[in-house]
Amino acid sequence: MDVRRSAERYPGGDPQAGIQSWHAFSFGPHYDPGNLRFGAVIACNEERLAPGAGFGEHPHSHTEIVTWVVEGELSHRDSTGHLTRVRPGDVQRLSSAAGVRHVERNDSDSPLTFVQMWLAPLEPGGEPSYEIVHGIADSTPYAVPEAGAMLHVRRLTPGERTAVPDAVHVYVHVVRGEVSLGGEKLGPGDAARITDARDLAAQAATGAELLMWEML
């Protein structure tokens, strides 16, 4: 198990424009050849947008983009015609395939925080697609078969335990709260990269929210 702390993430964004970003993997000008991916995950970015701030239209290709809103409301528009608002508890996925463009903004009067995770597809190309699942339940994993991955959302009460999936690769990101995992204490923004996970469990020290990727 390789633990990466929140303080180790690469800062980014444009604070003067109301955009603050923290990157868990090599990203943009923060090139690190030893930190390019784990399993299918090639990016795990925490984004904070002030009211009225956002990312103008920009392209993506050959990437599965999964977004989890922590607080606030994300406005999404893409070149395939989707116009949606993503709220806490929703899972949004944009399969960029051979190419798509999109806009992400905070059009509300409140700050917006979201975690966006990029996964490498098993095969390049194809047609772009979009999906949003409103109010996903902890008991319902969200499958991204294009990347050979499955997302497990866990919301824990103090003292509650949850099993970590047995898998070749598991990426655990702590959205909020504190948990114990494999003898390590993890807080908000911390992550664990687990290879050949077997019989592991996370226990919440406080109320906590986890995103766990189960991968080939």
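Our subject is the structure that appears above.
Basis of the calculations
- Residues numbered from 1 in each chain as written.
- Predicted model: local features only at pLDDT ≥ 70, side-chain atom pairs only at ≥ 80, totals over all residues.
- Heavy atoms only, no water.
- Core = buried A, V, L, I, M, F, W, Y, C linked by side-chain atoms within 4.5 Å.
- Buried < 20%, exposed > 50% of the residue type's maximum accessible area, 1.4 Å probe, protein only.
- Helix = DSSP H or I, 4+ residues; strand = E, 2+ residues; numbered from the N terminus.
- Contact = heavy atoms within 4.5 Å.
- Pairing = 2+ DSSP bridges.
- Axes fitted to C-alpha atoms, helices over the stretch in contact; angles between N-to-C directions.

What follows is about the nonpolar core. If you look at the biggest cluster of nonpolar residues, it comprises 26 residues, and the most contacted ones within it are Trp 68, Met 117, Tyr 171 and Trp 213. At the level of elements, strand S4 (41–49), strand S6 (64–71), strand S11 (112–119), strand S13 (142–144), strand S14 (149–156), strand S16 (167–176) and strand S21 (208–215) are the ones that each hand at least two residues to this core. Setting aside residues up to four positions removed in sequence, Met 117 forms contacts with Ala 43, Cys 44, Glu 64, Ile 65, Val 66, Trp 68, Leu 211 and Trp 213. One finds Val 3, Ala 167, Leu 186 and Ile 194 within the second-largest nonpolar core, a separate group that totals 18 residues.

With that settled, the discussion passes to the pairing of S21. Among the eight residues that make up S21, seven are buried, leaving the element largely enclosed by the rest of the structure. Bridge count for S16 against S21 is seven bridges, and the pairing is antiparallel. Bridge assignment links Val 172 to a residue of S21, and that residue is Met 212.

Judged by pairing direction, the sheet is antiparallel, and its six strands sit side by side in the order S1-S19-S16-S21-S14-S13 without closing on themselves. Unpaired on one side and paired on the other, strand S1 (2–4) and S13 mark the two borders of the sheet. Each adjacent strand pair in this sheet contributes to an overall mean axis angle of 20°, direction not counted. As paired strands, S14 and S21 are joined by eight bridges and run antiparallel to one another. The residue of S21 that forms the bridge with Arg 154 is Leu 210.

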